[in-house]
Amino acid sequence: MSSSHFPTVLKFLRRRLWLAVPVIAGIAILNFLILQLAPGDVVDVLAGEAGAATPEYMAQLRTEFGLDRPIYVQLVFYLKSVFTLDLGFSFRQNMPVLTLILDRLPATLLLMLTAMGIALVAGLALGVISSLYVHRWADRLIAVFVLITYALPTFWLGLMAIVLFSGRLGWLPSGNMTDISADYTGLTYAWDVTRHAILPAATLATFYLAVYAKLVRTAMLESYGADFIRTARAKGATETRITLFHALRNALLPLLTMLGLQVSSILSGAVLVESVFSWPGLGRLAFESILARDLNLLLGILLFSSVVVTLINICVDAVYAFLDPRIELQH
Amino acid sequence: MSELLSVHKLATCFHSRRGIIRAVDEVSFSIAAGETLALVGESGSGKSVTAASILRLISAPGRIEGGEILFQGQDLLKLGTAAIRQIRGNRIAMIFQEPLSAFNPVQSIGTQIVEAIRLHRKVSRKQAFEQAVTLLERMGIPSPAQRVHEFPHRLSGGMRQRAMIAMALSCEPDLLIADEPTTALDVTTQAQILELLKELQAANGMGMLLITHDLGMVAETAHRAAVMYAGRVVEEGSIDRLFTAARHPYTAGLLASVNIEALAPGTKLPEIPGSAPSLLNPVQGCAFAERCNARHALCDKQTPPLATDTEPESFPGSRHRVACFLPARPDAIPLPVESEAA
């Protein structure tokens, strides 16, 4: 917490961002090569949908899209355009890939962050309660709940949530991000989006909530046995103070590690949830692009996702150093 | 001397799946203001459990099952949780063996000292911080205004223990419980910490309960000592008498095992045969009988009570207690007073 703290953070960020460049380049190459292994291309799909297309027309399309060239030439072209931040053109959607992605990104980020928020808050609360009432009925009840949420497949849970909360009870909308029939602005718009976000975010959160609750419980129990908790008691601190300022503060560290590791899986989990709730996000766009063999778009989404995950991980590492003074950013 | 702390027939048990462990049984001792009582014994003899029992820091599966702990005339075992919290860190403070793990690793030592002050004193955060700097300075920590912002892992072992003592003394307690305060430190640092504790005691007249297995440290620091074995006090008395005329065979054995300077090189070091008994299924009679060379038929039948020594005293005015049916004659064990530093 010295005066040179801030430049240390900046230096750390600069170094990590440079290190991220080869990582993302590697991911881009792998994505490209792996997707080449899949049979069929966008021309097959376009031709199939058109009903009748002559081989000459298909060959002409392939030349137009650059699909007839050798793979390594395509790869070089792809990498060159990626480094100039040009993600290419979606021939299927007839729009630049970047525009498509930026159009869908906010919805996915909103879903991801809300789900992470729900998972963190609920996981922390359940974990702390479990550790306070360890081996008592509250702890057992939470253990059963956690086991169920951990074991249920996300898509099934999403469908059941729609059946119950939208179908039977009619409390919440079943899909989309906004009410299409209404034209809300300002606060009413925000409220509308919130109502639409509750079910998908809660569905996406369940699995992670279970993991976090278990993790926090274990970390809290470990904390309670630590010498510094005894010191805090010997100082005359109240149990609430000991729980919040000493035990929980130390239990946050493993939680943060897990969170950093799981950002990518939350993002991929969003694909399923977005499909179930017809949420207009990146996940559904990716799904559609796979069906349409829209390689440019899919590569763009994958690249963008890897950038998002890498950036969030760098942030997590910086926060980690902030939470635990024993970790020094320069190492 | 008026008693500051008086522990009477304290019993603390741990309920494990394999049975009840009587970690502390019928332990009685007292400490006057300005006095240091050393609680001596090997690992597992119940020293630390006794210390933790005083502040009621025993958590499940442990339980204090009997006795009374009178502190300034008030039975600590009868206080409510809020009342005992007012005593902890305020009237009775405690320092621990391993200062690295005893500090919260993610808070600066300043923050932790401020917490200790503000739990018991109505002062602003800024005032408490200034007090913390002053305390660190009094403990001999160089450039305290910078050190106060450091996290525990950035300080050396000796500095950490000084900071721990600063935190314990932040509310000027009447009694300091030091649970093996120097075990984790190197020898020169040990001597410095002991010196510091003695100075502080002389300055503010607090009583001190010093828990250790280091007899050299006892001779250096304490006025009186109580020797514990298998959860019981077996002998208690003033340092000069205990070290020159130990009455309990266990105490005598302990002292013989450290007085090795007169031995010729190459001779086998003296030891007490056998090992300490399990506290899980206490044997009938004296717990030390198995290892005692003066064992007697009565020793296997009854537990000898801790009674005032009736031998004609050559130490007038010092009360000496021993729990043995056949205490050794004071003149039978010639032992020099250990006076070297630890």
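1. Observations concerning the packing of helix α5 (residues 97-132) of chain A against helix α8 (residues 186-224) of chain A
All names here are of chain A.
Thinking step 1. Running from N to C, α5 and α8 cross one another at 35°; their axes reach a closest spacing of 4 Å. Crossing geometry of α5 relative to α8 is assigned as right-handed.
Thinking step 2. Class assignment of the residues belonging to the contact of α5 with α8 gives a composition of 25 nonpolar, five polar and one charged.

2. Quick look at the interface of chain B and chain A
Thinking step 1. Taken together, the contact between chain B and chain A spans 25 residues of the former and 22 residues of the latter.
Thinking step 2. Counting each side, the surface lost to burial between chain B and chain A is near 2100 Å², with a carbon and sulfur contribution of 59%.
Thinking step 3. On inspection of chain B and its partner chain A, the count reaches two salt bridges.
Thinking step 4. Here chain B is connected to chain A by twelve residue pairs in polar contact (both at pLDDT 80 or more).
Thinking step 5. At the level of secondary structure, the elements contributing two or more residues to the side of chain B that touches chain A comprise β6 (92-95), α3 (99-102), α4 (109-120) and α7 (157-168) of chain B.
Thinking step 6. It is α4 of chain B that provides the largest number of residues to the side of chain B that touches chain A, a total of five residues.
Thinking step 7. Looking at the side of chain B that touches chain A residue by residue, the classes come out as 14 nonpolar, seven polar and four charged.

3. Description of the sheet that holds strand β8 (residues 207-212) of chain B
Residues and elements named next belong to chain B.
Thinking step 1. Pairing is mixed across the open sheet formed by eight strands, whose spatial order is β6-β7-β8-β3-β9-β10-β12-β11. Across the chains shown, the open sheet's two edge strands, defined by having one partner strand only, are β6 and β11 (307-308).
Thinking step 2. Lying on the sheet, α7 is in contact with β6 and β7 (175-179); it crosses β6 at an angle near 170°.

4. Observations concerning the domain arrangement of chain A
All names here are of chain A.
Thinking step 1. The domain boundaries assigned to chain A delineate domain 1 (5-96) and domain 2 (103-323).
Thinking step 2. Domain 1 and domain 2 are separated by 31 Å when their C-alpha centres are compared.
Thinking step 3. In this complex, domain 1 contributes 25 residues to the contact, which on the side of domain 2 involves 22 residues.
Thinking step 4. Together, the buried faces of domain 1 and domain 2 total about 2000 Å²; carbon and sulfur atoms form 71% of this surface.

5. So, helix α1 (residues 47-54) of chain B
Residue and element names in this part refer to chain B.
Thinking step 1. Burial of α1 is extensive: seven of the eight residues sit out of reach of the surface.
Thinking step 2. Turning to α1, its buried residues are Lys47, Val49, Thr50, Ala51, Ala52, Ser53 and Ile54.
Thinking step 3. A positive phi of about 55° marks arginine 56, the residue just after α1.

6. A few points about helix α10 (residues 239-276) of chain A
Turn by turn, an α-helix covers 3.6 residues, leaving residues three or four places apart pointing in a common direction.
Thinking step 1. Compared with the 56 Å implied by 1.5 Å per residue over 38 residues, the 44 Å span of α10 of chain A between its first and last C-alpha is markedly short.
Thinking step 2. Following α10 of chain A by one or two positions, serine 278 of chain A has its phi on the positive side, about 40°.

7. Remarks on the pairing of strand β2 (residues 19-32) of chain B
All names here are of chain B.
Thinking step 1. Bridge count between strand β1 (residues 3-16) and β2: ten bridges; the pairing is antiparallel. By the bridge assignment for β2, glutamate 3 is matched with alanine 32.
Thinking step 2. Hairpin connection between β1 and β2: a loop of two residues separates the two successive antiparallel strands.

8. Brief notes about the nonpolar core
Thinking step 1. Counting 71 residues, the largest nonpolar core has Phe29 and Ile54 of chain B as the members making the most contacts within it.
Thinking step 2. Non-local contacts of isoleucine 54 of chain B, meaning those with residues more than four positions away in its chain, are made with Leu5, Val7, Phe29, Ile69, Leu76, Ile92, Ile177 and Leu209 of chain B.
Thinking step 3. Ranked by size, the runner-up nonpolar core spans 55 residues in total, among them Ala210, Met220, Ala251 and Tyr320 of chain A.

Scoring rules and cut-offs
Residues numbered from 1 in each chain as written. Chains lettered and ligands numbered in written order. Predicted model: local features only at pLDDT ≥ 70, side-chain atom pairs only at ≥ 80, totals over all residues. Heavy atoms only, no water. Axes fitted to C-alpha atoms, helices over the stretch in contact; angles between N-to-C directions. Helix = DSSP H or I, 4+ residues; strand = E, 2+ residues; numbered from the N terminus. Left-handed = near helix turned anticlockwise from the far one by under 90°. Nonpolar A, V, L, I, M, F, W, Y, C, P; charged D, E, K, R; others polar. Contact = heavy atoms within 4.5 Å. Buried area = accessible area lost by both parts, 1.4 Å probe. Salt bridge = Lys/Arg side-chain N within 4 Å of Asp/Glu carboxyl O. Polar contact = N/O pair within 3.5 Å; in protein donor to acceptor, adjacent residues only side chain to side chain. Pairing = 2+ DSSP bridges. Domains from an automatic or database assignment. Buried < 20%, exposed > 50% of the residue type's maximum accessible area, 1.4 Å probe, protein only. Expected span 1.5 Å × (residues − 1). Core = buried A, V, L, I, M, F, W, Y, C linked by side-chain atoms within 4.5 Å.

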